[in-house]
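Structure assessment
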Amino acid sequence: MSIGVKWENYVVAQQNRPFTRSPELKSLIRAGIPNEYRDIIWKGCVELRMKHIKEEKGAEYYKSLQDSKLFKLQPSVKQIELDLLRTLPNNKHYENIDSEGIPKLRRVLLAYSCHNPDIGYCQGLNRIAAIALLFLSEEDAFWCLTTIVEHIQPKDYYSKTLIGSQTDQRVLKDILADKLPRLSSHLDQYNVDLSLVTFNWFLTVFCETVPTETMLRIWDTFLYEGNKVLFRFSLAFFKVCEEDILKIQDYMAIFNYLRHMPMKMTDVRRIAYIAFHDLNPFPRKPINNRRSCHLAQVKTELAELNAIREEFISHRQDDGEDIFSDEDN
């Protein structure tokens, strides 16, 4: 039976039933959601995490955010406007200011800034919201963005310090050393900082430079299974290109190869098989343990940097210098 028929049977059988987790659904999603069902399944994945919160907020919550006084008066407005046309410039829905997706994207981002003022707006959220809007209604895209930021990604992924994102980059380095030790040693030999390449993979959920079919497969499984999927697919990318990278004996050449590597990820079936079969076992507990360890280290380092910064500012002020002035004395 083809995957398309399996999906058709599943959707028919689920009519008028609540969206629930099951081994069958997990297997189907890993095989890829057909475009005609993606809105149903993505919305269902969001509901799994947000149903009770949405009920608490009420049916008019999204509209109330747009009607609030803060909607157009918040600090994020200017940066959001600057980023709208940078979001997905090659997509017809966002290619110019008159494209149909631009006002929807603006409203979703402004609404989220009102909803979560602690984060407000962070570059990367625009791309996540834009992808959600391609398959979901405006309000559902808002809840999808909320789900990703507040319930799928670890805490402080999109905060001003990006502590959660920084932490996961260190976790990724550890797992790479476990799963692909030869490649890890090779990258270490040439002092390659993987996070310069992979940081945005995690922050934008692979929205940048990854072929569309592969990106959507990642999103399908990410929304259902969670953040661990980002590690699976990152390692799958490296596994696909491992032998090529091992042949490169120069830092800049390796770095340039890694920057363009996502564009090569066109064989989505092979990549998904590596991610969900070849890389097994892939337990969540060791990831969480490493995350806890690295999070403490990142917080300590940030505290030390802040102390140095405060001391520097204090000394400059004691010397009577205006550190914020560009004028010559």
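Because the structure is predicted, anything quoted here is derived from the model rather than measured.

**A closer look at a nonpolar patch on the surface**
Taken together, the side chains of Leu196, Tyr251 and Met252 make up a nonpolar region of the molecular surface, amounting to roughly 290 Å² of accessible area. Turning to its location among the elements, Leu196 is positioned in helix 11 (residues 195-203). According to the relative accessible area criterion, Leu196 is exposed, its value standing at 54%.

**Here we look at the nonpolar core**
Residues Trp7, Trp219, Phe238, Ile245, Leu258 and Met261 are the most contacted members of the largest nonpolar core, which totals 102 residues. Looking at this core element by element, the count peaks at 11 residues for helix 13 (residues 228-246). When residues no more than four places from it in sequence are discounted, the contact partners of Ile245 are Leu183, His186, Leu187, Phe238, Ile254, Tyr257, Leu258 and Met261.

**A short note on the pattern of salt bridges**
Counting across every chain of the model gives 15 salt bridges. One salt bridge connects Arg38 with Asp220, and the closest N-O pair in it is separated by 2.9 Å. Of this pair, Arg38 sits in helix 3 (residues 35-57) while Asp220 sits in helix 12 (residues 212-225), and the two are 182 residues apart along the sequence. Both residues of the pair, Arg38 and Asp220, count as buried.

**Some words on the packing of aromatic side chains**
For the structure on display, the rule yields 16 aromatic pairs. For the ring pair Tyr251 and Phe255, a centre distance of 6.3 Å and an interplane angle of 10 degrees mean the geometry is stacked. With Tyr251 and Phe255 both in helix 14 (residues 251-260), this residue pair falls four residues apart, about one helical turn. Among the residues examined, Tyr251 registers a relative accessible area of 30% and is labelled partly exposed. Taken together, the ring pairs in this structure connect Tyr61, Tyr62, Tyr112, Phe142 and Trp143 into an aromatic cluster. Arg21 extends its terminal NZ or CZ atom over the ring of Tyr224, reaching a point 4.8 Å from the ring centre.

Definitions and limits used
Residues numbered from 1 in each chain as written. Predicted model: local features only at pLDDT ≥ 70, side-chain atom pairs only at ≥ 80, totals over all residues. Heavy atoms only, no water. Patch = residues over 30% accessible without salt bridge, like charges linked within 9 Å, V, L, I, M, F, W, Y side chains within 5 Å. Areas by Shrake-Rupley, 256 points an atom, 1.4 Å probe, with all protein chains shown as cover. Salt bridge = Lys/Arg side-chain N within 4 Å of Asp/Glu carboxyl O. Helix = DSSP H or I, 4+ residues; strand = E, 2+ residues; numbered from the N terminus. Buried < 20%, exposed > 50% of the residue type's maximum accessible area, 1.4 Å probe, protein only. Core = buried A, V, L, I, M, F, W, Y, C linked by side-chain atoms within 4.5 Å. Contact = heavy atoms within 4.5 Å. Phe/Tyr/Trp six-rings, centres within 6.5 Å; stacked < 30°, edge-to-face > 60°. Lys NZ or Arg CZ within 6 Å of the ring centre and 35° of its normal.

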